[in-house]
Structure formats: structure tokens, C-alpha cells
Amino acid sequence: MSQFHLVAPSGYCINQSAAQCGVKRLEEAGHQVENQQVITRRDRRFAGVEAERLHDINALATLKGKNRIVMPVRGGYGASRLLDSIDWQALVARQQQDPLLICGHSDFTAIQFGLLAAGNVITFSGPMLAGNFGAQTLNDFTEQHFWKALRQPSYSVEWQGDGPDCETAGTLWGGNLAMIASLIGTPWMPEIRDGILVLEDINEHPFRVERMLLQLLYAGILPRQRAIVLGSFTGANPNDYDAGYSLESMYDYLRSRLSIPVISGLDFGHEQRTVTLALGAQAQLCHSAGQSRLIITGHPVIAE
């Protein structure tokens, strides 16, 4: 069984019962869950004062033991405040020797991008404690894909996608679109070319999603990639004013602005049903006749 090490670099976990449910569920499955004191920490909207949240991340550089899974309690906001104080080189050195299996999404994307930018450190964009493992019912698809990513040196993700037929390969990277857009022009934005960029978000109207995508396009980030994969954009329903302007029509507009394939429909993001992706790993993308597949390799896994 595995050891989970909790961190809380972002928002206070308002749903304490969900976090406790997540701990109980993991423990009942035979896993150890340590550093549980971070669950109840609070300073205004944050999961503790800056120094506490920063220590959660910097302390990972000296975390002992093999097969340690590092998981945020939740996202929210707060990781951006820590970026210029994180000891990136110490974390990179730790990961080069005996990698921690770091998994999270949402606000945690900022730290995952910082690790990619500082030393090509591979982390997993996937479930977190409260929102996923602490859900009323743990989604079987999500749980299976999580363990598949952490246990198999090569694994595949398949879905019914939409977009042009294509076959390409490159570095897999991405995560929360709003967090990624906020890192443009900073030292924590990875310089990845010829990659496969996967994006998701929550509670952003389609025009806001478009605006952030255009920011990535105008910054030259989208055109440098081999392909763009669009995951879940939860809570992006159009309104009466949109008069037919929807996520799907916005996707078509994005495709018209890019010469690389844009594949949509991946279960990835702020939904109960989500895949786990190894950010910084190598991936092959194939889309044909409405069927999409990512084959992911080169990421750290739990050693038997």
C-alpha cells in the first residue's frame, strides 16, 4: 500500500467533512495518510499563513521514503503567492534522485508548472483529497485512471474526441487554463515546444475561455505545440445573450486560428470523472474517426 503526504498550499478546505471522508477512504483501502494537520489550517481564505503553506512545498525536498504520493487537500487560490519563495532547485534535486509522486490540479497547476520550468520535473495532473477522494461516491473511472498512471510505466487514455484526424507525439503538459494564462511572462512558465498541451477550467464563460486561449495564442505558446487537447470546462454554459455562441463554436473558432490539431472531449479537469495525466512525460496522440488516444510514457511510478 502507499503513503499519502498531504499539502495545502492554496485555499482553506471549506468542506472539512469531504477531506475527512477522503482520508478515511484512503485509510480503509490500506494506505497511510500523513500530515493531516494541514486539513484544518486556516488564515482567512487560505489554508494557513504564507509561511505554513510555503513550508508544505519546500519540506518536500527532504521528505524521506520511497513511493510517497504527495497530494493537495484542495485547490482554490494561494499557490501564486508562494512562487518566488519556493526552493525550486532543492525540489528538482530531490526529484532527480528519488521522485515523489506529486498529484493535483486546479490552483496547484502553478507549482506543477514551476517544477517543469525549473528542472523538467514530472508531476501528475489528477485527483485531489477533498474534491475527488472525498466525494460522496468515489468515481471508479477516476480511481482506476489515477492508479494506472501511478503504477504503469506506459499507459493509455482513450476517449471519443472531436477534431481532425491526426497522429503526433511530444511532451505532455498543461492543466488549469486560468493558472497557465497567469504565468505567461514569468519564470514559472515552461518553455515547451512541440508538445501536446492539455487544458481545462471551471466556472469560466466560453468568452473568458476564448480570451485566455487567445492570450496563449498571441504569446506564441499555442502555435509552438504539436496539438492542443481540450478537457472539461465545467460551468461554461452560454446564456441568452450569447445567441448561439457556445463552447463548441468557440472551439471551431480556435481551430480556424491554428494550423495544428485541436482535439476536444477529454474527461480531464474539475469533474468527478477525470483522467490523470503525467505532465512532462512523453505522449503519443492519435485521433481517427472520432476516437482519440494518448499513450503516455517516461513518468515516475510506484516501485513494487
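Only a predicted model underlies this, so the values are computations on that prediction, with no experimental measurement involved.

Focus on the sheet that holds strand β10 (residues 262–264)
Then step 1. If you trace the seven strands from one edge of the open sheet to the other, you get β6-β13-β12-β7-β8-β9-β10, paired in mixed fashion. Two strands in the sheet have a free side with no partner beyond their single neighbour: β6 (154–160) and β10. Strand after strand, the sheet turns through a mean of 30° between neighbouring axes, direction not considered.
Then step 2. Relative to the sheet, helix α9 (residues 247–257) contacts β9 (227–234) and β10, its axis offset from that of β10 by approximately 165°.

Things to note about the pattern of salt bridges
Then step 1. Scanning the entire structure with this criterion turns up ten salt bridges.
Then step 2. Here Arg41 and Asp56 are joined by a salt bridge, their closest N and O atoms 2.9 Å apart. Taken together, the residues span a long stretch of sequence, with Arg41 in the loop between β2 (32–34) and α2 (50–58) and Asp56 in helix α2 at a distance of 15 residues. This pair shows no difference in class: Arg41 is buried, exactly as Asp56 is.
Then step 3. For Glu50, the salt bridge goes to Arg81, with nearest N and O atoms at 3.4 Å.

Focus: the packing of aromatic side chains
Then step 1. The tally for this structure, following the rule as stated, stands at eight aromatic pairs.
Then step 2. Ring centres 5.4 Å apart and planes at 75° place the aromatic pair Phe133 and Phe146 in the edge-to-face group. Here Phe133 is found in helix α5 (residues 129–133), whereas its partner Phe146 is found in helix α6 (residues 140–151), with 13 residues between them in sequence. The same class applies to Phe133 and to Phe146, which are both buried.
Then step 3. Linked through ring pairs, Phe4, Phe133, Phe146 and Trp147 together constitute an aromatic cluster.
Then step 4. If you follow Arg273 out to its NZ or CZ, it ends over the ring of Phe141, 3.7 Å from the centre.

A word on the UniProt feature "domain: LD-carboxypeptidase N-terminal" (unreviewed entry) in the protein
Then step 1. The UniProt record marks residues 6–126 with the feature "domain: LD-carboxypeptidase N-terminal" (unreviewed entry), using the residue numbering of this structure.
Then step 2. Structurally, residues 6–126 is divided into 36% helix and 14% strand, and its ends, taken at the C-alpha atoms, are 14 Å apart.

Let's talk about helix α8 (residues 206–218)
Then step 1. Here α8 spans 18 Å end to end across 13 residues, near enough to the 18 Å set by a 1.5 Å rise per residue.
Then step 2. Taken residue by residue, α8 has Pro206, Val209, Glu210, Met212, Leu213, Leu214, Leu216 and Leu217 as its buried positions.
Then step 3. Those residues of α8 that are buried lie in contact with α7 (177–182), β8 (196–202), β9 and α9.
Then step 4. After α8 finishes, the residue Gly220 shows a positive phi value of roughly 85°.

Topic: the sheet that holds strand β11 (residues 277–279)
Then step 1. One open sheet accounts for six strands, arranged β2-β1-β3-β4-β5-β11; its pairing is mixed. At either margin of the open sheet sits one strand with a lone partner, and together these are β2 and β11. In this sheet, adjacent strand axes meet at a mean angle of 30° when their direction is disregarded.
Then step 2. Those strands touched by α6 are β1 (3–7), β3 (68–72), β4 (101–104) and β5 (123–125), and its axis lies near 135° from that of β3.

Each value, and the rule that gives it
- Residues numbered from 1 in each chain as written.
- Predicted model: local features only at pLDDT ≥ 70, side-chain atom pairs only at ≥ 80, totals over all residues.
- Heavy atoms only, no water.
- Pairing = 2+ DSSP bridges.
- Helix = DSSP H or I, 4+ residues; strand = E, 2+ residues; numbered from the N terminus.
- Axes fitted to C-alpha atoms, helices over the stretch in contact; angles between N-to-C directions.
- Contact = heavy atoms within 4.5 Å.
- Salt bridge = Lys/Arg side-chain N within 4 Å of Asp/Glu carboxyl O.
- Buried < 20%, exposed > 50% of the residue type's maximum accessible area, 1.4 Å probe, protein only.
- Phe/Tyr/Trp six-rings, centres within 6.5 Å; stacked < 30°, edge-to-face > 60°.
- Lys NZ or Arg CZ within 6 Å of the ring centre and 35° of its normal.
- UniProt positions renumbered as here; feature names shortened; annotations may be inferred.
- Expected span 1.5 Å × (residues − 1).

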